[in-house]
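Structural characterization, general
Chain by chain, the residues:
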Amino acid sequence: MDAIECIVTRASVRKFRPDPVPAEEIKEIVRAAQWTPSYKNCQPWQVVAVSGSRKEELTALLIGLLEQNVPPTPDLPTPREWPEPQNSLIRELMAKRSALAGIDLNAPEFVTRSKKANFRFYGAPCGLFLTHDASLGPWSILDAGMFAQSLMLAAHARGLATVPQAFLTDYAAQVKELLGLSANTRLLLGMSLGYPADAPEAMPPRPERVPLEDVLRFIS
Ligand SMILES: Cc1cc2nc3c(=O)[nH]c(=O)nc-3n(C[C@H](O)[C@H](O)[C@H](O)COP(=O)(O)O)c2cc1C
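This section reports on the structure supplied with the text. (Residues numbered from 1 in each chain as written. Predicted model: local features only at pLDDT ≥ 70, side-chain atom pairs only at ≥ 80, totals over all residues.)

What follows covers the sheet that holds strand E2 (residues 126-133). If you trace the 4 strands from one edge of the open sheet to the other, you get E1-E2-E4-E3, paired in antiparallel fashion. Pairing within the sheet leaves two strands with one partner each, and these edge strands are strand E1 (46-51) and strand E3 (161-165). Averaged over all neighbouring strand pairs, the angle between strand axes comes to 25°, with direction disregarded. Sheet topology note: the E3/strand E4 (residues 185-194) ladder contains 5 bridges and is antiparallel. Bridge pairing in E4 places Thr162 opposite Leu193. Those strands touched by helix H3 (residues 52-67) are E1 and E2, and its axis lies near 95° from that of E1. Across the face of the sheet, helix H6 (residues 138-157) comes into contact with E2, E3 and E4 while running at roughly 155° to E3. (Pairing = 2+ DSSP bridges. Helix = DSSP H or I, 4+ residues; strand = E, 2+ residues; numbered from the N terminus. Axes fitted to C-alpha atoms, helices over the stretch in contact; angles between N-to-C directions. Contact = placed C-beta atoms within 7 Å.)

Okay, here's the thing in structure tokens:
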């Protein structure tokens, strides 16, 4: 698969086989992602890969906090409002998914169900947490975002699937404590990693992209 095909066919996967991902595979994709460009080559990213009983503990912790209605306190604040056109795109995505599922995905009971599925890493055998030092600024968050995409593309190229998950950062302090990370760590993103349960043609349809004209302008 060439680079363009890899970018275009990578999809967020939310159904995994339980088969473990060998540590060598994880090393391979992180080694590749390390070639991501960063501001002054400062490489502001670290990855924690969690599996086995520690991952189960994490799932139990997160579901427990959710069931106790503990308010989420992610290190990167959750957006409360979106400007246009993002607001419409988000509404469109939720409406399409609701129609497909035959339920209102914005209903509180479904939001809880969806969060629990996130906290179970959608059945994936491995969870990845992307972190860096909390004193780093916005450029380093941009760098880490590019690193995350490199990592997902490297995984896809090796037949692995991923889904980036902001929800996995809901209870940042508690996750950091369980993973033994210092309080000065910024928990940027969680991710599920594993082998996809379904062939690409059996997966739910990908969210569409806006027309190219809305994204690209040529000026000369
Ligand atoms: C920063 C970020 C946070 C996300 N958080 C979640 C999440 O918490 N749970 C989830 O299921 N998907 C999450 N996603 C996946 C998006 O919903 C998905 O990327 C988007 O709908 C486009 O679909 P695609 O990845 O298949 O192209 C997140 C994606 C990004 C980039």
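Let us look at the environment of Leu181. Along the polypeptide, Leu181 turns up in the loop between helix H7 (172-179) and E4. With residues up to four places along the chain from it excluded, the contact list for Leu181 reads Thr131 and Lys176.

In terms of nonpolar packing, the biggest core is built from 34 residues, with Leu130, Ala148, Leu151, Ala155 and Leu193 touching the most fellow members. Mapped onto this core, the elements with two or more residues apiece are helix H2 (23-33), H3, E2, H6, E3, H7 and E4. Considering each element in turn, this core owes the most residues, 8 residues, to H6. Beyond its immediate sequence surroundings of up to four residues, Leu151 is in contact with Ile29, Val30 and Ala33. (Core = buried A, V, L, I, M, F, W, Y, C linked by C-beta atoms within 7 Å. Buried ≥ 20, exposed ≤ 12 C-beta atoms within 10 Å, placed from the backbone.)

What follows covers the site of the ligand. With respect to spatial proximity, the complete set of residues near the ligand consists of Ala11, Ser12, Arg14, Asn118, Val163, Pro164, Gln165, Ala166, Phe167, Leu189, Arg206 and Pro207. By residue number, the principal contributor to the shell around the ligand is E3, which donates 3 residues. Of the residues that constitute the shell around the ligand, the class distribution is 7 nonpolar, 3 polar and 2 charged. (Near = placed C-beta within 6 Å. Nonpolar A, V, L, I, M, F, W, Y, C, P; charged D, E, K, R; others polar.)

On to the packing of H3 against H7. Between H3 and H7, whose axes approach to 11 Å, the crossing angle comes to 155°. Classified by the interaxial angle, the pair formed by H3 and H7 is roughly antiparallel. H7 is crossed by H3, and the crossing has right-handed handedness. Note on element contacts: H7 touches H3 through Gln174, Val175 and Leu178, opposite Glu57, Leu58, Leu61 and Leu65. (Parallel < 35°, antiparallel > 145°, perpendicular 65-115°, else oblique. Left-handed = near helix turned anticlockwise from the far one by under 90°.)

A separate point is the environment of Leu188. Mapped onto the fold, Leu188 is located in strand E4. In this structure the C-alpha to C-alpha distance between Leu188 and Pro71, which are 117 residues apart in sequence, comes to 18 Å. Setting aside residues up to four positions removed in sequence, Leu188 forms contacts with Leu76, Leu130, Thr131, His132, Ile141 and Ala144.

Treat this as a map of the structure, not an account of what it does.
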